[in-house]
Amino acid sequence: MKAVLPLFIFIDACGWEIIRRDPFARGCAPFRRRLKSVFGYSSACVPSILSGRWPVEHRNWCYFVYDPGHSPFKSLRPLRWLPNTVTGRRTFRRWLSKFVKVGLNFRGYFDLYNIPFQHISLFDFTEKKSPLRPGGMNRGPNIFDFLEERQIPYHVSSPELTEEANRDALLDEVSRERIDFAFVYWPALDGLLHRVGNDSPEVPPQLRRYEQWIQGILQAARRHYAEIRLYVFSDHGMANCDELLDLRSKIEALPLRIGKDYAAVYDSTLARFWFLNERAREPIARCLAGIPQGRIIPDSELSSLGTLFPDRYFGQLIFLVREGVLIVPSHMGERPIRAMHGYHPADKHSYAALCTNQPLVPEDIEAIPDVYRLMARDAELARRKNTAPSRMAASAPA
Ligand SMILES: [Zn+2]
């Protein structure tokens with residue numbers, strides 16, 4: 001029997017508005033708090049949680065950036081001759097993404113999404129390592145570096161396994177008392193919400209399923225650990241998309257050439273622009289200023305959000321739509337989806353949530369990067385308490 005198991009369960013997109021009126025995890029994690037999210041997508045939120053730092057510090061923000069000098073995708077350019085009916089298909093893109101990921105030795109999540117092959121050699125992909133592994137950040141350490149440095153044995157979910165397989169792997173390690181820390185990652189709610197929206201009757205059954213799994217893990221863990229410090233938390237919420245914006249065709253109607261005058265990445269809620277000469281900025285900025293569904297985010301605001309990069313690596317101009325608007329078609333998808341995240345962190349449905357069985361969570365845990373401090377603190381605590389005095393005495397020098 002061990003003393004303490006810190007159990008961190010990360011449920012993607014289980015936002016504050018998703019659980020606010022739902023009794024989710026009330027029985028096992030009754031203390032709840034709304035957490036501020038990080039501006040960006042999971043590509044920004046997950047690394048921020050795992051490192052305790054903001055995008056400007058760890059440099060994991062958006063997946064694709066304009067960087068032709070470092071583009072690994074030059075070999076894909078011939079695919080621009082394939083008909084759009086093939087290259088625009090999600091199944092084809094997913095299949096190809098798998099090959100590209102292996103070929104380029106990318107260790108994190110990788111998807112070609114809907115980047116046109118004609119322009120793909122203009123772009124680099126910024127998450128070549130997995131943030132769920134030690135050394136996985138673009139800059140600085142993450143919680144797994146912290147754990148390895150201190151030789152704290154831990155469990156972390158493998159993104160390539162199903163949620164059930166990851167849960168079973170955790171149960172196995174718990175029953176053998178092999179770990180002093182656990183980080184569980186369940187992504188399915190995010191996919192469901194994107195598909196059906198945040199008010200669908202399909203959402204509560206998924207929350208009930210997660211509750212059952214959490215109960216099962218707690219039951220098993222109680223047989224092997226005297227205290228379980230449970231934290232169930234998320235990275236962002238989910239907003240229904242009720243308005244579509246074809247931003248790309250508005251920009252492409254301007255007398256400017258992609259790759260010569262400017263480059264752009266159209267995410268689902270953001271558009272990021274790079275200007276390759278002086279004459280491109282003004283007409284693009286004027287066009288964007290005339291679009292009522294969004295606005296250009298000023299530098300002062302980017303700075304306060306932790307996403308003002310001095311080298312403008314992720315874009316020289318950032319345009320963000322208001323909550324509920326979806327940029328479509330975008331480089332993320334050809335077709336609309338029911339719901340999306342990646343709006344302004346102050347928008348209602350952006351907020352994340354923390355549910356815990358710990359009554360005394362410090363006041364200054366208020367945004368998702370702060371979860372890191374809870375993880376580091378509890379991992380240290382478990383290391384101290386799980387090192388039994390008898391074992392310490394036995395290994396002490398005579
Ligand atoms: Zn998502």
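In this report, we go over the structure that sits alongside the text. (Residues numbered from 1 in each chain as written. Predicted model: local features only at pLDDT ≥ 70, side-chain atom pairs only at ≥ 80, totals over all residues. Heavy atoms only, no water.)

Secondary structure assignment for the chain yields 14 helices and 16 strands. Its C-alpha atoms give the chain a radius of gyration of 22 Å, near enough to 21 Å, the size a compact globule of 398 residues would have. With the principal axes as the frame, the chain shows a C-alpha extent of 80 × 50 × 40 Å. Buried positions account for 57% of the 398 residues belonging to the chain. Expressed as a percentage of contacts within the chain between residues at least 6 apart in sequence, the contacts between residues at least 24 apart total 74%. Accessible area of the chain: about 17400 Å², with a carbon and sulfur share of 54%. Charged side chains in the chain number 54 positive and 45 negative. The centres of these two groups are separated by 2 Å. (Helix = DSSP H or I, 4+ residues; strand = E, 2+ residues; numbered from the N terminus. Rg over C-alpha atoms; globule rule 2.2 N^0.38 Å. Buried < 20%, exposed > 50% of the residue type's maximum accessible area, 1.4 Å probe, protein only. Contact = heavy atoms within 4.5 Å. Areas by Shrake-Rupley, 256 points an atom, 1.4 Å probe, with all protein chains shown as cover. Lys, Arg positive; Asp, Glu negative; His and termini not counted. Charge placed at Lys NZ, Arg CZ, Asp CG, Glu CD.)

Turning our eyes to something else, we now look at the nonpolar core. Looking at soluble globular proteins, one finds that nonpolar side chains tend to be buried together. Phe183 and Phe273 are the most contacted members of the largest nonpolar core, which has 86 residues in total. For this core, the element with the highest residue contribution is helix H13 (residues 371-386), accounting for six residues. Among all residues touching Phe273, those that are not within four sequence positions of it are Ile251, Tyr262, Ala263, Ala264, Tyr266, Ile284, Leu288, Gly315, Gln316, Leu317 and Phe319. Formed by 40 residues, the second largest nonpolar core is a distinct cluster that contains Leu5, Val174, Tyr210 and Trp213. (Core = buried A, V, L, I, M, F, W, Y, C linked by side-chain atoms within 4.5 Å.)

Let us look at the environment of Ala353. Relative to the helices and strands, Ala353 resides in strand S16 (residues 352-356). Between the C-alpha atom of Ala353 and that of Arg32, which follows or precedes it by 321 residues, the distance is 7.2 Å. When sequence neighbours within four positions are dropped, the list of residues in contact with Ala353 reads Cys14, Gly15, Trp16, Ile19, Arg33, Leu35, Val232, Phe233 and Ser234.

A separate point is the coordination of the zinc ion. Within the protein, the atoms that donate to the zinc ion are Asp190 (OD), Asp190 (OD), His194 (NE2) and His341 (NE2), at distances of 2.1 to 2.3 Å. Sequence positions of the donors to the zinc ion reduce to the motif D-x3-H-x146-H. Here the residue Asp190 and the residue His194 both occupy positions in helix H8 (residues 188-196), the gap between them amounting to four residues, near one helical turn. An identical accessibility class is assigned to Asp190 and His194; each is buried. (Donors = N, O, S within 2.8 Å, 3.2 Å for Na, K, Ca; no water.)

To continue, consider unusual backbone geometry. Look at the link from Val328 to Pro329: it is a cis peptide, with omega at 0°. Mapped onto the elements of the fold, Pro329 is located in the loop between strand S14 (325-327) and strand S15 (339-340). Positive phi outside glycine occurs at Ala13, with the angle close to 70°. Mapped onto the fold, Ala13 is located in the loop between strand S1 (2-11) and helix H1 (16-19). The phi torsion at Arg59 lies on the positive side, around 60°, for a residue other than glycine. As for its placement among the helices and strands, Arg59 is situated in the loop between helix H3 (55-58) and strand S3 (64-66). Among the residues examined, Arg59 registers a relative accessible area of 17% and is labelled buried.

Taken as a whole and assessed by the stated rule, the structure comprises 24 salt bridges. In this structure, the salt-bridge partner of Arg229 is Asp378, at a minimum N-O distance of 2.8 Å. You can see Arg229 sitting in strand S7 (residues 225-233) and its partner Asp378 sitting in helix H13, a full 149 residues away along the chain. Given the relative accessible area of 12%, Arg229 is considered buried. Taken together, the shared-partner salt bridges in this structure form one network comprising Glu149, Arg150, Glu380 and Arg383. (Salt bridge = Lys/Arg side-chain N within 4 Å of Asp/Glu carboxyl O.)

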